[in-house]
Amino acid sequence: MTLVETRALTKHFPIGRGQVVHAVDDVSIAIDEREILGLVGESGSGKSTLGKAMLGLHDKTSGEVVYRGESLPARYGPQDFQRHAKRMQMIFQDPYSSLNPRMTVGEIIGEGLKLHTKLRSKEIRDRVADWLKRVGLEPDHMSRYPHEFSGGQRQRIGVARALILEPEFVVCDEPISALDVSVQAQVVNLLDELKRSMGLTLLFIAHDLSMVRYVSDRMAVMYLGSLVEVGPANDVYFAPKHPYTELLVGSNPAPDPESERKRVSTTIKGEIPSPVNVPAGCRFANRCPKVMDRCRSETPQLLPLKEERTRQVACHLFA
Ligand code: SF4
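Quick caveat, the model's predicted, so the values are computed rather than measured.

**Brief notes about the overall build of the protein chain**
Step number 1: When helices and strands are tallied, the protein chain shows 10 helices and 12 strands.
Step number 2: Computed over the C-alpha atoms, the radius of gyration of the protein chain is 20 Å, within 12% of the 20 Å expected from 2.2 N^0.38 for a compact globule of 319 residues.
Step number 3: Taken along the three principal axes of its C-alpha coordinates, the protein chain extends 65 × 50 × 40 Å.
Step number 4: When burial is assessed residue by residue, the protein chain has 50% of its 319 residues classed as buried.
Step number 5: Taking all contacts inside the protein chain whose residues are at least 6 apart in sequence as the whole, residues at least 24 apart take part in 64%.
Step number 6: Split by element, the accessible area of the protein chain, about 15,300 Å² in all, is 50% carbon and sulfur.

Structure (structure tokens):
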């Protein structure tokens, strides 16, 4: 059953003189209950903006976000944040800058409970202590400050802060990219374990395709504000259809040395076009090795493949 869905969601940022940045254009995607949807793409492809717009952290330019069948407001007021904080949360990329350095870890993790519940101080402290244990920290870490922790520990604090309200839907915005490689797997395994025990639904945004494949049920690939491919994570990773996905997978180092030796490395040539002057037709045409004449004038739609209905691709090669 679908938990959250975007319908033709568009987010543009005005930059003056009538110009706008096309951060997200016409994105329609549904995430089922207890599903992990991985979202990949180069920097500037609109992944974070899409995640934030789904949570109401960005106003929507047009289109809808539908949560359990209810269309959410285009612009959130304070009462909307109050209402939705308990069911939707975000884990941020940089665990240091997202934690207030003047607050203790106990205050940071317990803040949501203080704002959104009627629990007494003692009950809040007990829940914070419990959550510190659940994310692999110690209850007596409550009285310390963020700078006293390593990057991996700070991300665990960020995870506890996001999950203490027991939300249903969590956007994880590059939750591991600021961490050492050795710590990334620990944080991913923690999220996976909590997802299973709490029945969470996740939008997992990341650069590292092999990590996204590992954690996700399905994978969506975004390019210059639009979705170009969506499908089961293993299928998209091991048998990509869209030329951009093919190049993205080929340019992503494999996690283990054996696979890395066998990998055919590719690079994506050319510059990503400006999101202010989005080209007509296919947005990937200026970098695509398979470009055809029609690609420069006709915009390909994201459509299910005839032979593989669970996979959607936006490319004239498959129309
Ligand atoms: Fe390449 Fe054309 Fe497909 Fe775009 S529509 S990805 S330019 S083949």
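**A closer look at the site of the ligand**
Step number 1: Residues in contact with the ligand, as listed here, are His-242, Pro-243, Cys-282, Ala-285, Cys-288, Lys-290, Val-291, Cys-295, Pro-300, Cys-315, His-316 and Leu-317.
Step number 2: Residues belonging to the shell around the ligand are distributed by class as follows: 9 nonpolar, 2 polar and 1 charged.

**Thoughts on the sheet that holds strand β4 (residues 62–67)**
Step number 1: If you walk across this open sheet you meet the 4 strands as β2-β1-β4-β5, and the pairing is antiparallel. In this open sheet, the two strands that pair with only one neighbour each are β2 (19–32) and β5 (70–71).
Step number 2: Of the strand pairs in this sheet, strand β1 (residues 2–16) and β2 are connected by 10 bridges, and their pairing is antiparallel. Looking at β2, one finds that Thr-2 is bridged to Asp-32.
Step number 3: The strands touched by helix α1 (residues 47–54) are β1, β2 and β4; relative to β1, the strand with the most contacts, the crossing angle is about 115°.

**What about the packing of aromatic side chains?**
Step number 1: Here the structure, examined in full by the defined rule, presents 4 aromatic pairs.
Step number 2: Relative to Phe-284, the ring of Tyr-223 lies with its centre 5.0 Å away and its plane at 80°, an arrangement referred to as edge-to-face. Of the two residues, Tyr-223 sits in strand β9 (residues 218–223) while Phe-284 sits in the loop between α10 (257–262) and β11 (303–304), which places them 61 residues apart along the sequence. Each member of the pair, Tyr-223 together with Phe-284, is buried.
Step number 3: Geometrically, the ring pair formed by Tyr-244 and Phe-284 is edge-to-face, given 5.2 Å between the ring centres and 65° between the ring planes. One end of the pair, Tyr-244, is in helix α9 (residues 243–250); the other, Phe-284, is in the loop between α10 and β11, with 40 residues separating them in the sequence. The exposure classification of Tyr-244 matches that of Phe-284, with both residues buried.
Step number 4: What links up through ring pairs into an aromatic cluster is the set Tyr-223, Tyr-244 and Phe-284.
Step number 5: Directly above the aromatic system of Phe-13 lies the positively charged group of Lys-11, at a separation of 4.8 Å from the ring centroid.
Step number 6: Here the basic side chain of Arg-134 rests over the ring of Trp-131, its NZ or CZ set 4.4 Å away from the ring centre.

**Side note on unusual backbone geometry**
Step number 1: With a phi close to 50°, Arg-17 is a non-glycine residue in the positive phi region.
Step number 2: Structurally, Arg-17 is set in the loop between β1 and β2.
Step number 3: Arg-17 sits in the exposed class, given a relative accessible area of 85%.
Step number 4: One non-glycine residue with positive phi stands out, namely Glu-166, at about 55°.
Step number 5: Residue Glu-166 is classed as exposed on the basis of its relative accessible area of 51%.

**Some words on the packing of helix α5 (residues 151–163) against helix α6 (residues 181–198)**
Step number 1: Look at α5 against α6: their axes get within 10 Å of each other, and the N-to-C directions meet at 20°. Accordingly, the angle class assigned to the pair α5 and α6 is roughly parallel. The element α5 and its partner α6 pack so that their crossing is right-handed. Along the contact surface, α5 presents Gly-152, Gln-155, Arg-156, Val-159 and Leu-163, while α6 presents Val-183, Gln-186, Val-187, Leu-190, Leu-191, Leu-194 and Met-198.
Step number 2: Its residues placed into classes, the contact of α5 with α6 shows 8 nonpolar, 3 polar and 1 charged.

**Focus on the sheet that holds strand β12 (residues 312–313)**
Step number 1: The mixed open sheet is built from 8 strands, whose spatial order is β6-β7-β8-β3-β9-β10-β12-β11. Only two strands of the sheet have a single partner each, and these edge strands are β6 (88–91) and β11.
Step number 2: Packed on one face of the sheet, α1 meets β3 (36–40), β6, β7 (169–173), β8 (201–205) and β9 and runs near 155° to β8.

**Some thoughts on helix α4 (residues 121–134)**
Step number 1: Over its 14 residues, α4 runs 20 Å from end to end, which matches the ideal 20 Å to within 8%, given 1.5 Å per residue.
Step number 2: Of the residues making up α4, those classed as buried are Ile-124, Val-128, Ala-129, Trp-131 and Leu-132. For α4, the angular spread of buried residues about the axis comes to 165°, placing them on one side.

Cut-offs applied
Residues numbered from 1 in each chain as written. Predicted model: local features only at pLDDT ≥ 70, side-chain atom pairs only at ≥ 80, totals over all residues. Heavy atoms only, no water. Helix = DSSP H or I, 4+ residues; strand = E, 2+ residues; numbered from the N terminus. Rg over C-alpha atoms; globule rule 2.2 N^0.38 Å. Buried < 20%, exposed > 50% of the residue type's maximum accessible area, 1.4 Å probe, protein only. Contact = heavy atoms within 4.5 Å. Areas by Shrake-Rupley, 256 points an atom, 1.4 Å probe, with all protein chains shown as cover. Near = heavy atom within 4 Å. Nonpolar A, V, L, I, M, F, W, Y, C, P; charged D, E, K, R; others polar. Pairing = 2+ DSSP bridges. Axes fitted to C-alpha atoms, helices over the stretch in contact; angles between N-to-C directions. Phe/Tyr/Trp six-rings, centres within 6.5 Å; stacked < 30°, edge-to-face > 60°. Lys NZ or Arg CZ within 6 Å of the ring centre and 35° of its normal. Parallel < 35°, antiparallel > 145°, perpendicular 65-115°, else oblique. Left-handed = near helix turned anticlockwise from the far one by under 90°. Expected span 1.5 Å × (residues − 1). Arc of directions from axis to C-beta.

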